[in-house]
Amino acid sequence: MLKRLFSVAVLILGAVVLAFGQGGAVLVIRGVTLIDGTGRGSVPNATVVIEGGIIKDAGAHAQAPAGARTIDGTGKFLIPGLIDAHIHLRGGRGGASASEPERDGIRALHSYLYAGVTTVFDAGNRPDYIMGLRDKERSGAIVSPRIFATGGTVASPNGHGGPYNVEAWPGDRKLLDEHLATKPDLAKIGQDEHGWGTRPQIRQLPEDLLEKIIRYYHSHGVRIIIHVSNEHNAIEAIYAGADTLAHPIIQAPMSEEYVRMMSVKHVPTVSTLTIGDNYSRVADHPEFLDQPLYRDTLEASERQMLKTEESAKQKENRWAAWMKVMTPVAQDNMKRLNATGKDIVAAGTDLSSGAALQRELELLVGSGISPADTIVIATRNAARALGKLDELGTIEAGKLADVVLLKADPTRDINNAKLVDLVIKSGQIIDRSRLDLPVNRRSTSQQ
Ligand SMILES: [Zn+2]
């Protein structure tokens, strides 16, 4: 019986590898317009050479080795794989279809790949759930974007997050050791008083304790991403040593002093405009769910529920009204930060789908940021925010070969970032027709 199970497993793994391409071999994309994610101008008629999952060379000068598998990129545009630097993967916290949480999570992961997203950072989830999926992604057992995760989060007791709620020091350090034992890629701290918008007050970590916690993670080589929503907390967190801010300043327009401080500090700030925009969008314009990307990647039953039940609910949600007012403020804050330093703003959604990341790009452009800068924000800057810029985020020699071929120029119109032709992760072509998404079930059931 065991032996039979083993051979079935080998068969399944074999099918995945066949379906999703082979590592090791040389892959060349030629004749393509290269948008390398560094912020440099587009390079026409470029060649990109990928070997063993790594980018070997890229540019107009690059030479294709003889005998390589070649993709003709003529008339197409190559960008680094998109990165969502703030998600909460569905499935981990129950919800509508809690009966099959992992299936829901994997479908969401497939929606990212479908939309050209090759890396996600989960900023808080059930630790065993998300770390389990991370293991499966790394071993190749599931087809998925790269997963980085914090697992659980750190906060004050009765604060913004958990389960690591720290009060006494050094007594509660054992909670951080528990967290470290789950091998978080980054550690997320939740720091918010919640006494704004429509929410009641909650507790925050005192400044000296915040600094001790950050120093402790740093001494274990773990980077800190912190949830803050106002300028006071952001400044305190930055001077306590936080590496990345998980959100923009959302409670008010940034002061000139804050902007000048960021012109010196360049602390990566994840944009997360989509979560705030989404409440009132579902309430006021649920027809957006009929756009192709949503039809292709969200189950029909879920779209129907969002257009009816959820839309009605959000019409009555005072938080939705608050966020409708504050999203343009956050957008303007993102535009001003990007004008201050082109490496600061990083794309993230606080949601759980590839369509959401594409919406984030729309909202960034809607703030007045150029489409070309927006591509940098969703690639290089997001990798920087995660501390992964050495490996990811640009199309340059030595980086992991995560690239997306587009049918039209995203620096002309950001909506062209949705026209995905081919997704490559670690040098392997993702077979988008095999992803577990409505677009693929539709075509098989109609044939
Ligand atoms: Zn979040």
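Here the structure is shown first, and the text comes after it.
Given the structure is predicted, the values throughout are model-derived calculations rather than measurements. (Residues numbered from 1 in each chain as written. Predicted model: local features only at pLDDT ≥ 70, side-chain atom pairs only at ≥ 80, totals over all residues. Heavy atoms only, no water.)

## Topic: the pairing of strand 5 (residues 77-80)
Here strand 5 shows no split at all, with Phe77 and Ile79 on one side and Leu78 and Pro80 on the other all buried. The sheet contact formed by strand 1 (residues 26-34) and strand 5 spans two bridges and is parallel. In the strand pairing of strand 5, Leu34 is matched with Leu78. Sheet analysis places strand 5 next to strand 16 (residues 403-406), joined by four bridges and oriented antiparallel. Residue Phe77 lies in a different strand from strand 16, and its bridge partner there is Leu406. (Buried < 20%, exposed > 50% of the residue type's maximum accessible area, 1.4 Å probe, protein only. Helix = DSSP H or I, 4+ residues; strand = E, 2+ residues; numbered from the N terminus. Pairing = 2+ DSSP bridges.)

## Quick look at the sheet that holds strand 8 (residues 146-149)
One open sheet accounts for three strands, arranged 6-7-8; its pairing is parallel. Edge positions in the sheet fall to strand 6 (82-87) and strand 8, since each has one partner strand and no second. Between one strand axis and the next, the sheet turns by 15 degrees as a mean value, whatever way the strands run. Pairing of strand 6 with strand 7 (residues 117-122), which is carried by four bridges, proceeds in the parallel orientation. What sits directly across from Ile87, in strand 7, is Asp122. Each of strand 6, strand 7 and strand 8 is contacted by helix 2 (residues 101-114), which is oriented at about 135 degrees to strand 7, the strand it contacts most. (Axes fitted to C-alpha atoms, helices over the stretch in contact; angles between N-to-C directions. Contact = heavy atoms within 4.5 Å.)

## As for helix 3 (residues 127-139)
Over its 13 residues, helix 3 extends 18 Å from the first C-alpha to the last, a length consistent with the 18 Å expected when each residue adds 1.5 Å. Among all positions of helix 3, only Tyr129, Ile130, Met131, Leu133, Arg134 and Glu137 are buried. Here the buried face of helix 3 lies against helix 2, strand 7, strand 8 and strand 17 (420-425). Within two residues after helix 3, Gly140 carries a phi angle of roughly 85 degrees, on the positive side. (Expected span 1.5 Å × (residues − 1).)

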